[in-house]
Amino acid sequence: MTERKGPFSVDDVYLGDALELMPAVPSGSIDLIVTDPPFAIDFKARRGNYNRAGERVLEGYREIDSSDYLSFTTQWLDEAFRILTASGSLYVFSGWSNLKDILIGLDAAGFTTINHLIWKYQFGVFTKKKYVTSHYHILFAAKNPKHYTFNKIDHYPEDVWEINREYWKGRVKTPTKLPVKLVQKILRYSSNEGDLVFDPFLGSGTVAVASTMLNRRYLGFEIVEEYLAFARERLAHINDTIPAR
Ligand SMILES: C[S@@+](CC[C@H](N)C(=O)[O-])C[C@H]1O[C@@H](n2cnc3c(N)ncnc32)[C@H](O)[C@@H]1O
């Protein structure tokens, strides 16, 4: 029988605004949140940004106006804190431009930041008068700093991770897809098999895909229909290739 968390089935993804859906997720029901929230910059996911023939970049990526970003961030982080189990933890990705709002939101919600990780990736863009941005921030925060999952896989688990962005294989592209390898690293450190992993801003579904691959359960929300359909497609193909649990 399908397990439910309030109105949501475990191992499913839902269309809608995370701020509206998260209040329906029961308190203390999520083991780990891994998410890359929308940006507060003028990010345009247009086909024209990707100058490769025959490609179809999904449009309609939903971003937040920078003047609303702090209130948006504190709202979803408050909900994130509530829905995590007592030993739950959260990884939130951020570019540097909206990092301050994420840091404020984490403190305001009651989280304890355990680590500030840097994800270093390759980015071959030409700049004239500034450095090329080739890193991302990942804040690792716990609900209770005395009790959270941390599987020490490496002897020296360093806080700078160099992982390349993935090359796109399919015909349809999404502009902000995280590497599966990166999400899997987080899952291995901060969750165990059977844990429930949640991403309120699912995008192309990487967190759900990586969770399935590592025998974790997932739940995800996404506001753009096309993205959700893309995530579902990825999940459907994964389910064909792994044994049933
Ligand atoms: C940075 S992307 C996530 C990318 C994802 N980690 C991946 O690997 O594809 C953020 C996603 O949040 C979605 N989004 C923006 N506002 C939202 C909201 N209020 N509720 C749910 N999803 C939202 C955007 O449409 C976008 O797909």
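Since the structure is predicted, the reported quantities are computational estimates derived from the model, not experimental observations.

## Thoughts on the overall build of the protein
Within the protein, the secondary structure is distributed over six helices and 12 strands. Counting all 245 residues of the protein, 34% fall into the buried class. A separation threshold of at least 6 residues defines the contact pool for the protein, and within that pool the share at least 24 residues apart is 72%.

## Comments concerning the sheet that holds strand E9 (residues 160–162)
Strand order in this open sheet of eight strands is E3-E12-E11-E4-E6-E8-E7-E9, and the pairing throughout is mixed. Single-partner strands in this sheet number two, and they are strand E3 (12–15) and E9. Each strand of the sheet is rotated relative to its neighbour by a mean of 20°, with strand direction disregarded. The pairing of strand E6 (residues 84–94) with strand E8 (residues 135–142) spans six bridges and is classified as antiparallel. Pairing of Leu 90 across the sheet is with Ala 141, part of E8. Across the sheet, helix H2 (residues 69–83) touches strand E4 (30–35) and E6, and the angle it forms with E6 is around 150°. The sheet contacts of helix H5 (residues 206–213) involve E3, E4, strand E11 (196–199) and strand E12 (217–222), and relative to E12 the element is tilted by about 170°.

## A few points about the site of the ligand
In the region of the ligand, 20 residues are neighbours, and Ala 18, Phe 201, Gly 203, Ser 204 and Thr 206 sit closest. Counting only elements with at least two residues in the shell around the ligand, the list comes to helix H1 (18–21) and E12. Taken together, the residues of the shell around the ligand break down into 10 nonpolar, five polar and five charged.

## Considerations on the environment of Tyr 121
Position of Tyr 121 relative to the elements: it lies in the loop between strand E7 (112–120) and E8. Taking the C-alpha atoms as reference points, Tyr 121 and Arg 165, 44 residues apart in sequence, are found 6.2 Å from one another. Ignoring sequence-local partners within four residues, the contact set of Tyr 121 consists of Ser 134, Ile 163, Asn 164 and Arg 165.

## Concerning the packing of H2 against helix H3 (residues 99–109)
How two helices pack is summed up by the angle between their axes together with the distance between the axes. Two elements in contact, H2 and H3, have axes whose closest approach is 8 Å; the angle formed by their N-to-C orientations is 40°. Relative to H3, the element H2 lies oblique. Crossing angle aside, the handedness with which H2 passes H3 is right-handed. Between H2 and H3, the contacting residues are Tyr 69, Leu 70, Thr 73, Thr 74, Leu 77, Asp 78, Ala 80 and Phe 81 on the first element and Asp 101, Ile 102, Ile 104, Gly 105, Leu 106, Ala 108 and Ala 109 on the second. Here the residues of the contact of H2 with H3 are counted per class, giving 10 nonpolar, three polar and two charged.

## Focus: the confidence of the model for the protein
On average, residues of the protein score 89 in pLDDT, and 85% of them reach the 70 mark or higher. The low-confidence segment residues 43–54, where pLDDT is below 50, has 13 contacts with residues more than four positions distant or belonging to other chains.

## A look at the packing of helix H4 (residues 180–190) against H5
Across the interface, H4 lies against H5 with an axial gap of 9 Å and an inter-helix angle of 60°. The angle between the axes of H4 and H5 places the two elements in the oblique class. Crossing handedness for the pair H4 and H5: right-handed. Packed against H4, whose contacting residues are Val 180, Val 183, Gln 184 and Leu 187, the element H5 presents Thr 206, Val 207, Val 209, Ala 210, Ser 211 and Met 213 at the interface. When grouped by side-chain class, the residues that make up the contact of H4 with H5 number seven nonpolar, three polar and no charged.

## A short note on H4
For H4, the set of buried residues is Leu 182, Val 183, Ile 186, Leu 187 and Ser 190. Buried residues of H4, seen end-on, are gathered within an arc of 135° and therefore sit on one face of the element. Where H4 is buried, its residues contact E4, E6, E7, E9, E11 and H5.

## Points about the pairing of E7
Relative to E8, E7 runs antiparallel, the two sharing eight bridges. Paired with Leu 117 across the two strands is Ile 138, which belongs to E8. Here three bridges tie E7 to E9, and the two strands are oriented parallel to one another. Across the sheet, Trp 119 pairs through a bridge with Trp 161, a residue of E9.

Rules and cut-offs
- Residue positions are given per chain, counting from 1 as you read along its sequence in written order.
- Per-residue local features of the predicted model are confined to residues with pLDDT of at least 70, and side-chain atom pairs are confined, for both listing and counting, to 80 or more; whole-chain, interface and lining totals are unaffected and use all residues.
- The numbering of helices and of strands both runs from the N terminus, where a helix is a DSSP run of H or I of at least 4 residues and a strand a run of E of at least 2.
- Put simply, a residue is buried when 20 or more other C-beta atoms lie within 10 Å of its own C-beta and exposed when 12 or fewer do; between those, it is partly exposed, and each C-beta is set from the backbone.
- Two residues form a contact once the distance between their C-beta atoms, set from the backbone, is within 7 Å.
- By this definition, two strands are paired if DSSP reports at least two bridges between them.
- Note on geometry: axes are lines fitted to C-alpha atoms, helical ones only across the stretch in contact, with angles between N-to-C directions running from 0 to 180 degrees.
- Throughout this description, a residue near a molecule or strand is one whose C-beta atom, derived from the backbone, lies within 6 Å of it.
- When residue character is reported, Ala, Val, Leu, Ile, Met, Phe, Trp, Tyr, Cys and Pro are called nonpolar, Asp, Glu, Lys and Arg charged, and the others, Gly included, polar.
- Relative orientations are named as follows: roughly parallel for angles under 35 degrees, roughly antiparallel for angles over 145 degrees, roughly perpendicular for angles from 65 to 115 degrees, and oblique for any other angle.
- Each crossing gets its hand from how the near helix is turned against the far one by less than a right angle, where anticlockwise is left-handed and clockwise is right-handed.
- pLDDT: the predictor's confidence for each residue, scored from 0 to 100.
- The arc in question is formed by the directions pointing from the helix axis toward the C-beta atoms.

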